[in-house]
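Chain residues, written in single-letter form:
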Amino acid sequence: MNTAQLPPVAPEVTVTLVEGLSPRLRKRLDAAVTKLGARPTHREGDTARIEVDDETELRLHAPGGVVAKAEDIVCGCLLAPACVHRAAAACAAPAADPAPEPAEGPAPEVPGPAAAAADPAASSPGTASPAQRAAADALWAAGAAVLEAGVDGAGAVAQSALLRAAHTARIRHLPRAAGAALSVVTLLRAARAGDPSYRTADLVTALAELLGTARRVGTASGAELAAVRGRVRRPYGQDGSLRLYGLFTEPVVTDSGHGGVRTWVAGADGRLFTVGDVAPGGAGRALGVADRAVRLGDSALTHRELGRAGLAVSGATVSPDGRLGAGKGVKAVTARGAAWTEPPLAALWETPPSEQAARALRSTSRYADPDAGGSDLLFLDVELLGAVGEPGGACLLALCEGGVPVRLAVADDDPALAHRDNLTLLAAAPGTRLRIIGRLVPAPHPRLTLLACSHPTGEGTVDLGLDRLGRADLPDPAAPVHLAPPHPAGSGAPSPLYLLERRVEQTVPAGRAALGMLGDVTAEARRIRRGGLPTAAELLTALCASAARRERDLFGRLLPADTDDFAAHWLAAARYTAAVAESLCAAAWNAVGEGPGAPSLSVREASG
């Protein structure tokens, strides 16, 4: 069964079906999900059909694209509707995105004791309400249970507990935590299905976001509480009239088969905005959409043209992350653009690289506030040094302000796009000076994915995913080449932080038991401490001790493990490693002679 053919199922539907099973059928649920996965699936309009066997068919009806009611999943077997097949189909299908937050009033109910009455008042401006704290506690418990069991043990029943907690959190006006729980469920399913795009690091981040957000609900207040609560949908606010200047257009191709483009523009004050067009279609659609008209007012500009032209927009609507809305009240007319060397765009390249990297890190942080805004783009003047080999393939080495060497990597290796060919060609032109735009890649050394650059001849700009350079576009190879001295930062032995990182990641596939059997980690802790990270050494020791700790009763029988204690230690280690990695990345961007800005976090700070 190709799960991509199944429509998304509302979390509350999955919860209803799983919790309606008898204890005997719940034990068979994971096996039923696996069995359904091997059966043929057909999609016809709003209905998907699964052939349970030669005589039995199961149907998922999704009016509007989502299975919104338990009655919309129908099985033809003799035990229906109390069969395991309906719940298995819901668990195999993608979890639907949350619906908009409910208005004040009674909350929709799902069976079971966790479905309390609606919160009579969402959180006060100062603190979370009792019902919100209870919802956060349920999310913490469900997340801690997943961490205890690991991917191997977090089957459909554990996922259902997460979905129930997510549903309750949503109706309690905690959409950020609810979204984190849905992300964990999606990644668990991908891991258990052997999805090649699954990465353990992504599940580490999602679990830490879930546990960290759930913990903060009870302690946050004011503006912090608003950030912890989050928003279901990015609202578009009125931004009046804008004078926009095109920067570049990048193709967008996702693992889910979507394709399109995103065009970046800047306002007169330097603020960055985007206009996008992404839909199912892959790389082929991305290349085609680049030459279609922008969906913004009455503008006739294509995305390629807007990346080099200008717009005057009235009635503009903008989301917190800078996306321009295309509502009926928006009017836009073509205006003069600006070269990258002219105001107001030239100012983007005047900020020191280290300051730009710090700003981008705040945007790309694994646990950044989703509504904080900001951009992960960097604007640099560089001198190309040539290709440098890496395990995943060659990248382009360049030197930017302050003598900092920057590795410029391919943004997308899809052969239909121009990224790889352009980077290979530029690597053959050492000494060339370019003005570039790249996306920060958090790493212990300065690294960007290269998105756009000034033309090597000095005339115009190049969208490196869409425009193809030729050898005739390169400078005269006989021209003198000047190579500045390389920046020494980043050389030497790697940080021992990885010793803690691998233990954090090791927990996720096999659960707490994977660390509980390690035994003595004194040697690893000593090595980390010698590397100048005493807090990391303390966290590693405490994490492994918590994993191995099992109390016994008066008769010598093992008591249940303390999942809360282990989850708290794991969360502290996960957040600490992320914070240190980001600090090391920021330090690597310092110019020659600047201090490294080494991080210093306590255990208390790490666990917050």
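What counts and what doesn't
Residues numbered from 1 in each chain as written. Predicted model: local features only at pLDDT ≥ 70, side-chain atom pairs only at ≥ 80, totals over all residues. Heavy atoms only, no water. Helix = DSSP H or I, 4+ residues; strand = E, 2+ residues; numbered from the N terminus. Buried < 20%, exposed > 50% of the residue type's maximum accessible area, 1.4 Å probe, protein only. Contact = heavy atoms within 4.5 Å. Areas by Shrake-Rupley, 256 points an atom, 1.4 Å probe, with all protein chains shown as cover. Patch = residues over 30% accessible without salt bridge, like charges linked within 9 Å, V, L, I, M, F, W, Y side chains within 5 Å. Salt bridge = Lys/Arg side-chain N within 4 Å of Asp/Glu carboxyl O. Lys, Arg positive; Asp, Glu negative; His and termini not counted. Charge placed at Lys NZ, Arg CZ, Asp CG, Glu CD. Polar contact = N/O pair within 3.5 Å; in protein donor to acceptor, adjacent residues only side chain to side chain. Core = buried A, V, L, I, M, F, W, Y, C linked by side-chain atoms within 4.5 Å.

Colleague: What am I meant to see in the overall build of the protein here?
Modeller: Summing up its helical and strand segments, the protein has 19 helices and 15 strands in all. By the burial criterion, 47% of the 608 residues in the protein qualify as buried. Contacts in the protein between residues far apart in sequence, at least 24 positions, make up 65% of those at least 6 positions apart. Put simply, the protein shows about 27400 Å² of open surface, and 54% of that area lies on carbon and sulfur atoms.

Colleague: What's the story with a negative patch on the surface in this structure? I'm lost.
Modeller: There is a patch of like negative charges on the surface, built from E51, D53, D54 and E55. Within the secondary structure, E51 sits in strand β2 (residues 47-51). Given the relative accessible area of 30%, E51 is considered partly exposed.

Colleague: Before we go on, may I ask you to explain the side chain of R439 in this structure?
Modeller: Within the secondary structure, R439 is located in strand β13 (residues 433-440). Within the structure, R439 has its side chain in polar contact with the side chain of E250 (distance 2.8 Å). Sequence-distant contacts of R439, defined by excluding residues within four places in its chain, comprise E250, R262, W264, D376, L377, R447, L448, T449 and L451.

Colleague: How should the environment of T16 be read in this particular structure?
Modeller: Following the sequence through the fold, T16 ends up in helix α1 (residues 11-19). With a relative accessible area of 26%, T16 lands in the partly exposed category. In sequence terms T16 and S160 are 144 residues apart; their C-alpha atoms lie 9.0 Å from each other. Of the polar contacts made by the side chain of T16, one reaches the backbone oxygen of E12; its length is 2.8 Å.

Colleague: Sorry if this is basic, but what is going on with the nonpolar core here?
Modeller: One broad trend across soluble globular proteins is that nonpolar side chains are buried collectively. In this structure, L162, L203 and W570 are the most contacted members of the largest nonpolar core, which totals 71 residues. Excluding residues within four positions of it along the chain, L162 makes contact with A142, G143, V146, A181, V184, V185, L188 and L210. The next biggest cluster of nonpolar side chains, apart from the first, holds 32 residues, and it includes V9, A48, L60 and A88.

Colleague: Can you walk me through a positive patch on the surface in this structure?
Modeller: Residues R526, R527, R529 and R530 make up a contiguous surface patch of positive charge. Among the secondary structure elements, R526 is positioned in helix α16 (residues 522-530).

Colleague: Quick question: what am I supposed to make of the side chain of T263 here?
Modeller: For T263, the location among the structural elements is in strand β6 (residues 258-267). Given a relative accessible area of 0%, T263 falls into the buried group. A polar contact is formed between the side chain of T263 and the side chain of H303, at a distance of 2.8 Å. When sequence neighbours within four positions are dropped, the list of residues in contact with T263 reads F248, T249, F273, T274, V275, H303, L306 and G307.

Colleague: I tried to follow the pattern of salt bridges on my own but got confused; where do I start?
Modeller: Any two side chains of opposite charge can pair, so long as their charged atoms come close to each other. Applying the stated criterion to the full structure yields 29 salt bridges. A salt bridge links R439 to E250, with the nearest nitrogen and oxygen atoms 2.8 Å apart. Linking R439 in strand β13 with E250 in strand β5 (residues 237-253), this pair joins segments that are 189 residues apart in sequence. For E250, a relative accessible area of 5% corresponds to the buried category. A salt bridge links D421 to R468, with the shortest nitrogen-to-oxygen separation between them at 2.8 Å. Of this pair, D421 sits in helix α13 (residues 419-427) while R468 sits in the loop between β15 (461-463) and α14 (497-510), placing them 47 residues apart in sequence.

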